[in-house]
Amino acid sequence: MNFVRLAAVACTVLYIFNINNTVSAGNVAGIASADSVALSIAEAAPDVAAVRARYDAELQQARAANVLQGPEMDFGYKFNAAGGPDKWGVSVGQAFDWPGVYGARRASAGYQAEAYNRLYRAALLERAYEVKQLLVKLSVARSHLSTMQEAEFAAHRLAEAYSGAYDRGEATILDVSKIKLQIFEISNLVAEAEASLEDVEASLRAYGADPSAIVLPDVTDNMVLQPYEYYHELLLANDPTIAAASSLAGVASAEVKVARRSALPSFKLAYTHDFEENVHFNGFSVGISFPTWNRGKAVRAAKAELDAAVFEADDYAMRVNARLMSDYARCRTLNRRVDDARSTFSSDDYPALLKKALDARRINLYEYLNSYREYYQSKTAYIQLCGELAAGIASLARYDILGQ
């Protein structure tokens with residue numbers, strides 16, 4: 001095996017670690033878990049930042065609507081056609097809605113602030129979950145590549161040994177050719193594993209992360225599937241979309257009050273100053289504006305929005321609970337399969353035992369090659385199975401990424 005392959009194997013081995021060790025991604029250092037890595041990458045995503053800016057803009061617009069209109073100033077001048085003194089007058093007035101309208105709008109804006117913050121956290125959570133799934137794929141790709149590189153390294157060493165044996169007349173050209181055929185097969189599998197790893201790394205770079213700086217646990221490390229109640233409690237406590245649905249229902253309820261109170265009269269108070277017949281007059285005026293006849297329709301529309309918000313919240317809760325139960329059932333099946341296979345792959349002694357059996361002539365070369373092929377094919381399948389379980393557990397525990 002050449003030095004490039006040896007270096008690749010060494011680099012792959014360095015990726016394996018315990019999940020509580022230090023992890024870093026992109027420009028982030030000192031991260032303690034894959035959740036933190038995913039969250040730090042998601043927070044830097046431009047589309048997530050755009051979501052936050054858009055919600056902030058909508059909130060500012062809602063707050064801007066809950067202020068008094070600007071004061072009004074009127075000025076009038078009348079010319080005396082008969083040659084007498086002219087007349088003029090000025091007034092400064094302020095119009096305002098029924099006082100209860102402002103309180104209702106303020107309450108609506110408060111619920112909107114809660115809803116927008118939770119909707120932003122929902123967008124952030126979704127992006128962090130997508131990144132975490134990529135991290136699982138990254139760990140799978142690295143483990144797969146490591147397995148195939150180890151198989152390739154072993155095949156090259158075997159080829160060197162049998163080439164020497166052939167030169168000494170202790171092996172046949174058929175033996176050497178058989179090993180070369182297996183090296184060709186394994187090299188193709190290594191190339192495929194490298195391509196898969198590069199694809200995952202490219203996806204992470206699209207999020208602004210530096211894959212070479214991300215350290216992850218081996219995907220075959222023990223993964224604990226918690227009881228269903230644990231993930232259900234996470235869902236109820238930490239799902240920002242459920243909390244946002246409650247806040248949006250509060251917005252709709254407050255908008256009903258806004259619509260009702262907007263149907264009440266609005267007022268205008270003004271200070272007036274007139275000049276007539278060389279005499280100054282000071283005074284005030286009071287105006288009242290009655291609502292239009294269709295304000296009742298606005299109330300009914302607001303009530304319909306409230307009903308829709310409540311039904312949408314109930315619908316989301318039912319769908320997310322159904323998804324949780326389905327995901328847990330699948331993970332429970334995967335967990336049983338991984339547990340059954342874990343003891344078989346808990347150590348890498350099998351290739352060494354095969355080599356010892358070959359050296360002791362308890363098995364022949366063809367039995368060794370076939371057995372080693374079965375080993376790395378089974379190991380690859382096991383890695384893929386562990387990856388599916390890790391992805392499933394990540395889905396169940398996605399609501400823990402943001403914490404409380």
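Residue numbers here run from 1 along each chain, matching the order of that chain's written sequence. Only residues with pLDDT of 70 or above have their local features reported here, since the model is predicted, and side-chain atom pairs are shown and tallied only from 80 upward, although totals for entire chains, interfaces and linings are computed over all residues. For the side-chain quantities, the full set of heavy atoms in the structure was used; hydrogens and water were omitted.

In this section: the overall build of the chain. Along the backbone of the chain there are ten helices and six strands. Across the 404 residues of the chain, 39% fall into the buried class. It only takes one pair of heavy atoms within 4.5 Å for two residues to be counted as in contact. For the chain, long-range pairs separated by at least 24 residues make up 79% of all intrachain contacts whose partners lie at least 6 apart in sequence. Looking at the chain as shown, the accessible area adds up to about 22,600 Å², and 56% of this sits on carbon and sulfur atoms. The numbering of helices and of strands both runs from the N terminus, where a helix is a DSSP run of H or I of at least 4 residues and a strand a run of E of at least 2. Throughout, exposure labels follow a simple rule: accessible area from a 1.4 Å probe, protein chains only, divided by the maximum for the residue type, with under 20% read as buried, over 50% as exposed, and the rest as partly exposed. Exposure was quantified through the Shrake-Rupley algorithm and a 1.4 Å probe, taking into account, for residues, occlusion by the shown protein chains and nothing else.

Moving on, we get to the sheet that holds strand E6 (residues 279-289). Spatial strand order, E3-E4-E5-E6: four strands in an open sheet with antiparallel pairing. Two strands lie at the open edges of the sheet, namely strand E3 (72-78) and E6, each paired on one side alone. Across this sheet, the average inter-strand angle for adjacent strands is 15°, counted without regard to direction. Strand pairing requires that DSSP identify at least two bridges connecting the strands. Axis lines are fitted to C-alpha atoms, over the contacting stretch for helices. Their N-to-C directions set the angle, which ranges from 0 to 180 degrees.

One non-glycine residue with positive phi stands out, namely Arg361, at about 65°. Locating Arg361 in the fold gives a position in the loop between helix H9 (349-359) and helix H10 (365-396).

The N-to-C vectors of helix H3 (residues 46-64) and helix H4 (residues 99-167) enclose an angle of 175°; their axes lie 10 Å apart at closest approach. Judged by the angle between their axes, H3 and H4 are roughly antiparallel. From H3, Asp47, Val48, Val51, Arg52, Tyr55, Glu58, Leu59, Ala62 and Arg63 reach across to H4, where they touch Ala109, Gln112, Ala113, Tyr116, Leu119, Tyr120, Ala123, Leu124 and Arg127. Across the contact of H3 with H4, the residue classes tally to twelve nonpolar, one polar and five charged. Angle categories: roughly parallel below 35 degrees, roughly antiparallel above 145, roughly perpendicular from 65 to 115, and oblique for all the rest. For this scheme, ten residues count as nonpolar: Ala, Val, Leu, Ile, Met, Phe, Trp, Tyr, Cys and Pro. Four count as charged, namely Asp, Glu, Lys and Arg, and the remainder, Gly too, count as polar.

Below, the discussion takes up the pattern of salt bridges. For salt bridges, the criterion is a side-chain nitrogen of Lys or Arg within 4 Å of an Asp or Glu carboxyl oxygen. By the definition in use, this model includes 14 salt bridges. In this structure, the salt-bridge partner of Lys132 is Asp35, at a minimum N-O distance of 2.5 Å. Note that Lys132 is positioned in helix H4 and Asp35 in helix H2 (residues 34-43), a separation of 97 residues in sequence. Note on accessibility: Lys132 and Asp35 belong to one class, buried. Of the charged contacts in the structure, one is a salt bridge between Lys268 and Glu72, with a shortest N-O distance of 2.6 Å. Residue Lys268 is found in strand E5 (residues 266-276), and its partner Glu72 is found in strand E3; the two are separated by 196 residues along the sequence. Taken together, the shared-partner salt bridges in this structure form one network comprising Asp47, Arg127 and Glu130.

Attention now moves to the confidence of the model for the chain. The predicted structure's coordinates, where accompanied by low pLDDT, should not be read in detail. Residue-level confidence of the predictor, termed pLDDT, takes values from 0 up to 100. Residues at a pLDDT of 70 or more form 90% of the chain, whose mean pLDDT is 82. Across residues 1-32, confidence stays below pLDDT 50; counting only partners more than four residues off in sequence or on other chains, it has 58 contacts.

Position of Val219 relative to the elements: it lies in the loop between helix H5 (173-206) and helix H6 (228-238). Residue classification places Val219 among the buried residues on the basis of a relative accessible area of 6%. Measuring from C-alpha to C-alpha, the distance between Val219 and Leu385 comes to 9.6 Å, with 166 residues separating the pair along the chain. With near-sequence residues (within four places) excluded, Val219 lies in contact with Ser139, Val140, Ser143, Ile383, Cys386, Gly387 and Ala390.

Another aspect to go through is the nonpolar core. In summary, soluble globular proteins display a tendency toward joint burial of nonpolar side chains. Leu135, Leu158, Tyr162, Ile179, Leu204 and Tyr231 are the most contacted members of the largest nonpolar core, which totals 81 residues. Mapped onto this core, the elements with two or more residues apiece are H2, H3, H4, H5, H6, helix H8 (295-342), H9 and H10. Here the element with the most residues in this core is H4; it accounts for 21 residues. Dropping the residues within four chain positions of it, Tyr231 is found in contact with Val224, Leu225, Gln226, Leu324, Tyr328, Ile393, Leu396 and Ala397. Throughout, nonpolar core names a set of buried Ala, Val, Leu, Ile, Met, Phe, Trp, Tyr and Cys residues whose side chains join them through atoms within 4.5 Å.

Further remarks concern the environment of Phe184. On the secondary structure map, Phe184 appears in helix H5. Residue classification places Phe184 among the exposed positions, given a relative accessible area of 57%. Placed 32 residues apart in sequence, Phe184 and Glu152 show a C-alpha to C-alpha distance of 9.1 Å.

So, on to H5. Helix length check: H5 (34 residues) gives 49 Å between terminal C-alpha atoms against 50 Å at 1.5 Å per residue, within 8%. Among all positions in H5, only Asp175, Val176, Ile179, Gln182, Ile183, Ile186, Val190, Ala193, Leu197, Val200, Glu201 and Leu204 are buried. Expected helix span is given by 1.5 Å per residue-to-residue step, counting one fewer step than there are residues.

Two elements in contact, H9 and H10, have axes whose closest approach is 10 Å; the angle formed by their N-to-C orientations is 175°. By the angle between their axes, H9 is roughly antiparallel relative to H10. Listed contacts from H10 to Tyr350, Pro351, Leu354, Lys355 and Leu358 of H9 are Leu365, Tyr368, Ser371, Tyr372 and Tyr375. Looking at side-chain class alone, the contact of H9 with H10 contains eight nonpolar, one polar and one charged residues.

This part is about a nonpolar patch on the surface. Nonpolar side chains collect at one region of the surface, where Tyr166, Ile173, Leu174 and Tyr366 lie side by side and expose about 390 Å² of accessible area between them. Within the secondary structure layout, Tyr166 lies in helix H4. With relative accessibility at 39%, the residue Tyr166 sits in the partly exposed group. Residues enter patches when they are more than 30% accessible in relative terms and free of salt bridges; like-charged ones are connected within 9 Å and nonpolar ones (Val, Leu, Ile, Met, Phe, Trp, Tyr) within 5 Å.

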